[in-house]
Amino acid sequence: MKLIKYLVFIVFFVSFGLIYSTSCTFDNEEDLLKNFICDTNDIVYNDLTYIFTDICSVCHKEGDTERLGIEMDSYLSVKASMNTGLVLQAINHTGPYKMPFQQAKLSDCDIDKIEAWVNADMPEN
Ligand code: HEC
């Protein structure tokens, strides 16, 4: 009987040790992303050219009639494109076209920034 008691004791402590040693937490990507704050305050046109100019205008250039007239290479052309109402649905993948064309969707933060800019009446600077 004594032996069984000892065994129960040992099993208890070994499992406790195992649970304890594996319950250590690590910062995984998801937790880090949750804590990432997307700053959508006071966005002006120049804050977004890394999207409009560097990504969109590679295809959507001025005078280009092949891409449904959407031009994204200057402040005025981006504004006019936004006013078609097609851009937000294209980047949110809620319309018939998913932009950027055949590339990864923009990050949630990039989309939030563009929407905040549009809601603030698209200030140039
Ligand atoms: C690799 C080239 C390419 C890139 C990069 C690209 N587009 Fe396009 N875009 C196209 C093409 C091609 C079409 C026309 C789609 C078709 O006719 O099949 C189009 C169409 C559109 C349309 C019209 C959608 C509609 O509903 O009529 C919008 C708005 C648009 N793009 C916005 C953007 C924005 C904003 C970006 C940047 C985030 C972007 N595009 C990046 C190639 C591109």
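Refer to the structure above for everything that follows.
What you see is a predicted model, and the numbers here were worked out from it, not measured in a lab. (Residues numbered from 1 in each chain as written. Predicted model: local features only at pLDDT ≥ 70, side-chain atom pairs only at ≥ 80, totals over all residues. Heavy atoms only, no water.)

Caption draft 1: Highlighting the site of the ligand. Taken together, 19 residues sit near the ligand, with Cys56, Cys59, His60, Tyr97 and Met99 positioned nearest. His60 places a side-chain nitrogen or oxygen 2.7 Å from a nitrogen atom of the ligand. Among the secondary structure elements, those contributing two or more residues to the shell around the ligand are helix H3 (49-56) and helix H5 (86-91). Counting residues per element, the shell around the ligand draws most heavily on H5, at 5 residues. In terms of residue class, the shell around the ligand is built from 15 nonpolar, 3 polar and 1 charged. (Near = heavy atom within 4 Å. Polar contact = N/O pair within 3.5 Å; in protein donor to acceptor, adjacent residues only side chain to side chain. Helix = DSSP H or I, 4+ residues; strand = E, 2+ residues; numbered from the N terminus. Nonpolar A, V, L, I, M, F, W, Y, C, P; charged D, E, K, R; others polar.)

Caption draft 2: Structural detail: the coordination of the iron atom of the ligand. Around the iron atom of the ligand, the protein supplies His60 (NE2) and Met99 (SD) as donor atoms, at distances of 2.0 to 2.2 Å. For the iron atom of the ligand, the 6 donor atoms are set out with angles of 87 to 177° between them, so the coordination reads as octahedral. In this pair, His60 is assigned in the loop between H3 and helix H4 (75-83) and Met99 in the loop between H5 and helix H6 (108-119), connecting sequence segments 39 residues apart. Neither His60 nor Met99 differs from the other in exposure class; each is buried. (Donors = N, O, S within 2.8 Å, 3.2 Å for Na, K, Ca; no water. Tetrahedral: all angles 85-135°; square planar, octahedral: opposite > 155°, others 65-115°. Buried < 20%, exposed > 50% of the residue type's maximum accessible area, 1.4 Å probe, protein only.)

Caption draft 3: Representation of the nonpolar core within the structure. Formed by 18 residues in total, the largest nonpolar core has its most connected members in Phe52, Met82, Ile114 and Trp117. When residues of this core are traced back to their parent elements, those giving at least two are H3, H4, H5 and H6. Those residues in contact with Ile114 that lie beyond four places of it in its chain are Leu48, Ile51, Phe52, Met82, Leu88, Ile91 and Leu106. (Core = buried A, V, L, I, M, F, W, Y, C linked by side-chain atoms within 4.5 Å. Contact = heavy atoms within 4.5 Å.)

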